[in-house]
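One letter stands for each residue in the lines below.
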Amino acid sequence: MGLLSDPNRRRALISLLTRLNAPICVVCYMAGVAWFMGLAFEPFTLRTYMSENAMGSTMVEERFPAGERALATGREFAAHKKKAGGMPVDWLVKTMQSHGLEVFTQRFSRTLPFPDENKERYMVKGTNVYGILRAPRASRTEALVLSAPCTPGDNNNQAVGLLLGLAQYFRSQVFWAKDIIFLVNEHDLIGMQAWLEGYHHTNTTGMDWSPLQGRGGSIQAALSLELSSDVITSLDLVLEGLNGQLPNLDLVNLFYAFCQKIGVLCTTQGKLQRNDWDSVSGYSHAVQTMMLMVMKQASGRSWGDHGLFLRYHIEAATIKGINSFRQYKTDITTIGRLMEGMYRKLNNLLERLHQSYFFYLMPSLSHFVSIGYYMPAFGLLAVILLLRALDLWVQLTAPPPRTEDGLVDPEQMSSPGVLSVLTPLVISHLTGVALYTLPIRFQEMAVEHFPVSETEAVVLTAIAVYTAGLALPHNTNRLLSGGGTEQGWKVLKLVAVLYLAVLLGCTALINFSLGFILAITLVPVAAFVTPHVPKFPSAFVMIVLSPACTLLFSVFFFQELQEMPISFLDGWMLYLSVISQGILDHCLYGSLVYPLIALLVYPCWLIFWNILFWK
């Protein structure tokens, strides 16, 4: 405290920080990146452990015997689905009723803002079918959900068969203290969104759905099952939900514990766990697994039906069966036993899962990185912005230098006008508003005048508005009367640096992965851009580090992490598809990534672009 309260010492500290500002910023940036890369090294991580006593204090014996019958039911479901050309609603209702469940249906419809060319749909209509197994030993105030999406073709038929098999088996047990809801949803996330909105009496997306005729208790946890083969080699746990939300870590621990107990091969991000962490290849494998989780979480999209449960504070995950032709094989009976064990443990819960972590990264299923370990990596990047803001503040408050004649340079004395600072801010954010609103609003006009589809019109309009924003410095200078002052760009940069620091800090608290990736690319731009650096090399670097190019590089990097490299042309097409999916996810499910980039991140980058071309 004496260092800050003593004026002389405070001035000495500020002088030191401003004199060594650039070297300290470089060191902080390198330290932040090195810290993050070191998180995947196993001695720096924590082993997973069960924090919830209600799930860890008791043992259960799994006895599910009906794997073959579940496969037969799955084949019967596939035949009826092919005959009906979609969800076989009548057959599902009849089958669930024969298993002793209370069965209900929900119809829903949704018109997309523009066609989803990936799944070839625009007018979406469907029906959800769900059956409720009432708890025989409790007051029926709580519930668990087991869901399986009804997907086109031959996908996920085995999951529906296993769901019905588990429903029949659970009906014969008497120890259930919670309602169990068996849900078969149509049109994947759209159907799940309709069911969750109907269950909780909310409508945040403007979807049309019929009210639910039957409800269970308050949902405590949910699992979504995806199986598309009679023989499974491993089970992959999908965690990433909407806007980067993750389930409580105890749900991951529960899955991993039963996989170890029953002897099922389990993965995360499709990567097997390795024990040679002290080798280069073992560390590289852990980094690859962790980076896949970071990229998926940063996308803000839901990577399974479970992702929509998380917004209702329901802990959920997707269990996906993988058949990669390894020597190790797992039959449906074993998977049914694993599901039975997990639900019997969840049945013991006395309250919602809350004892373990909600913010974490996972280099493997047996190790995790908590928020206390990975936040310093972001903090080292954020401190660069504070150091640059301090340096600019000192420059602005320092007395102007005098010439040899003892006179003060009039350019240094002139204070910036309010208009010179507000104009770039207003134009930047108006450009962001245009980027957010125009792509969907102008799709019909673009289709009429150009030979493109609605989806292509939306994406190309977004790219056109984004590119037009590069003309911001020219438009700003036309609106200003006279050129800007030396003090003017410093005030503007001070505002922009603090703006970016608050923006990245808030983003990292909600979605660390997205905040960290944006910090990696935007912090160097914010730290070193001035009107006095070489224009064209700096402009090239700024464009490379812009949000659009960051997304393009992320597409190729994600494919490399999945060991599925693609050509530049295929990568460009995938890039355009990612943009359209990002806009659709925002319109359909409320993903925040697209409005965040369009309304806040891109305008902030445009302010620094304006500083580079300051006159």
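How each quantity is defined
Residues numbered from 1 in each chain as written. Predicted model: local features only at pLDDT ≥ 70, side-chain atom pairs only at ≥ 80, totals over all residues. Heavy atoms only, no water. UniProt positions renumbered as here; feature names shortened; annotations may be inferred. Patch = residues over 30% accessible without salt bridge, like charges linked within 9 Å, V, L, I, M, F, W, Y side chains within 5 Å. Areas by Shrake-Rupley, 256 points an atom, 1.4 Å probe, with all protein chains shown as cover. Salt bridge = Lys/Arg side-chain N within 4 Å of Asp/Glu carboxyl O. Buried < 20%, exposed > 50% of the residue type's maximum accessible area, 1.4 Å probe, protein only. 1 Å grid on protein atoms, 1.4 Å probe; cavity = no way out; pocket = protein on both sides within 12 Å on 5 of 7 lines; lining within 4 Å. Points joined across faces, edges and corners; volume = space filled by probe spheres on them. Helix = DSSP H or I, 4+ residues; strand = E, 2+ residues; numbered from the N terminus. Nonpolar A, V, L, I, M, F, W, Y, C, P; charged D, E, K, R; others polar. Contact = heavy atoms within 4.5 Å. Pairing = 2+ DSSP bridges. Axes fitted to C-alpha atoms, helices over the stretch in contact; angles between N-to-C directions.

- The name given to the chain in an unreviewed UniProt entry is GPI-anchor transamidase component GPAA1, with Champsocephalus esox as the source organism.
- Entered under Pathway (unreviewed entry) in the UniProt record, the comment concerning the chain runs "Glycolipid biosynthesis; glycosylphosphatidylinositol-anchor biosynthesis."
- Entered under Subcellular location (unreviewed entry) in the UniProt record, the comment concerning the chain runs "Endoplasmic reticulum membrane".

Focus: a nonpolar patch on the surface
Inference 1: Taken together, the side chains of Val 418, Leu 422, Val 426 and Leu 430 make up a nonpolar region of the molecular surface, amounting to roughly 380 Å² of accessible area.
Inference 2: Taking the relative accessible area as the measure of exposure, Leu 430 reaches 54% and is therefore exposed.

Description of the layout of surface pockets
Inference 1: Estimated volume of the second largest pocket: approximately 310 Å³.
Inference 2: Lining the second largest pocket are 17 residues, with Ile 517, Ile 520, Thr 521, Thr 550 and Ser 554 sitting closest to its centre.
Inference 3: Put simply, the parts of the chain that give the lining of the second largest pocket at least two residues each are α3 (21-38), α10 (280-299), α19 (512-528) and α21 (547-561).
Inference 4: Split by residue class, the lining of the second largest pocket holds 14 nonpolar, three polar and no charged.

Quick word on the pattern of salt bridges
Inference 1: Under the counting rule described, the total for this entry stands at eight salt bridges.
Inference 2: For Glu 226, the salt bridge identified is with Lys 320, shortest N-O distance 4.0 Å. Residue Glu 226 is found in strand β7 (residues 218-226), and its partner Lys 320 is found in strand β10 (residues 315-322); the two are separated by 94 residues along the sequence.
Inference 3: A residue is classified by how much of its surface remains accessible, and Glu 226, at 19% relative accessible area, is buried.
Inference 4: Connected through salt bridges with shared partners, the residues Glu 102, Arg 134 and Asp 179 form a single ionic network.

Notes on the environment of Ala 389
Inference 1: Tracing the chain through its elements places Ala 389 in helix α12 (residues 371-397).
Inference 2: Expressed as a C-alpha distance, the spacing of Ala 389 and Phe 450, which sit 61 residues apart in the sequence, is 47 Å.
Inference 3: Once residues within four sequence positions are removed from consideration, Ala 389 is found in contact with Leu 494, Val 497 and Leu 498.

Here's the deal with empty space enclosed by the protein
Inference 1: Per the stated rule, a full pass over the model turns up four cavities of 30 Å³ or more.
Inference 2: One number sums up the size of the largest cavity: a volume of about 150 Å³.
Inference 3: As for the largest cavity, its lining consists of 15 residues, of which Glu 42, Arg 274, Trp 277, Ala 286 and Ser 364 are closest to the centre.
Inference 4: For the lining of the largest cavity, the secondary-structure elements that each account for two or more residues are α10 and β11 (360-364).
Inference 5: Here the element with the most residues in the lining of the largest cavity is α10; it accounts for four residues.

So, the UniProt feature "transmembrane region" (unreviewed entry) in the chain
Inference 1: Cross-referencing UniProt, the feature "transmembrane region" (unreviewed entry) maps to residues 20-41, 371-390, 417-436, 457-474, 494-527, 539-558, 564-584 and 591-612 in the present numbering.
Inference 2: Here residues 494-527 is 97% helix and 0% strand, with 10 Å between the C-alpha atoms at its ends.
Inference 3: The straight-line gap between the two end C-alpha atoms of residues 564-584 is 25 Å; of that span, 81% is helix and 0% is strand.

Some words on unusual backbone geometry
Inference 1: We note that Asn 156 has phi near 70°; this positive angle belongs to a residue other than glycine.
Inference 2: Of note, Asn 156 is situated in the loop between β4 (142-150) and α7 (157-171).
Inference 3: Phi is positive for Asp 188, close to 40°, though the residue is something other than glycine.
Inference 4: Along the chain, Asp 188 falls in helix α8 (residues 188-200).
Inference 5: With a relative accessible area of 16%, Asp 188 lands in the buried category.

Some words on the environment of Val 231
Inference 1: Note that Val 231 resides in the loop between β7 and β8 (234-238).
Inference 2: In contact with Val 231, other than residues within four places in its own chain, are Asn 323, Lys 329 and Thr 330.

Here's the deal with the sheet that holds β7
Inference 1: Strand order in the open sheet formed by nine strands is β6-β2-β3-β5-β4-β7-β10-β8-β9, and the pairing between neighbours is mixed. Lying at the two open borders of the sheet, with one neighbouring strand each, are β6 (208-209) and β9 (266-268).
Inference 2: Two elements, strand β2 (residues 102-116) and β6, share two bridges in a ladder whose sense is antiparallel. Note that in β6 the partner of Phe 108 across the bridge is Trp 209.
Inference 3: Strands in contact with helix α11 (residues 332-347) are β4, β7, β8 and β10; relative to β4, the strand with the most contacts, it is inclined by about 150°.

Overview of the sheet that holds β11
Inference 1: One open sheet holds the three strands; their spatial order is β1-β12-β11, and the pairing between them is antiparallel. Each having just a single partner strand, β1 (46-47) and β11 make up the two edges of the open sheet.
Inference 2: Two elements, β11 and strand β12 (residues 367-370), share three bridges in a ladder whose sense is antiparallel. Bridge pairing links Tyr 360 to Ser 370 in β12.

Some thoughts on the pairing of β8
Inference 1: Among the five residues in β8, five count as buried, and that is most of the element.
Inference 2: Along β8, one buried face is formed by Ser 234, Asp 236 and Val 238 and the opposite face, lined by Leu 235 and Leu 237, is buried too.
Inference 3: Here β8 runs beside β10; their pairing, made up of five bridges, is antiparallel. Along β10, the bridge assignment pairs Leu 235 with Gly 321.
Inference 4: Judged from the three bridges that link them, β8 and β9 form a sheet pairing that is parallel.

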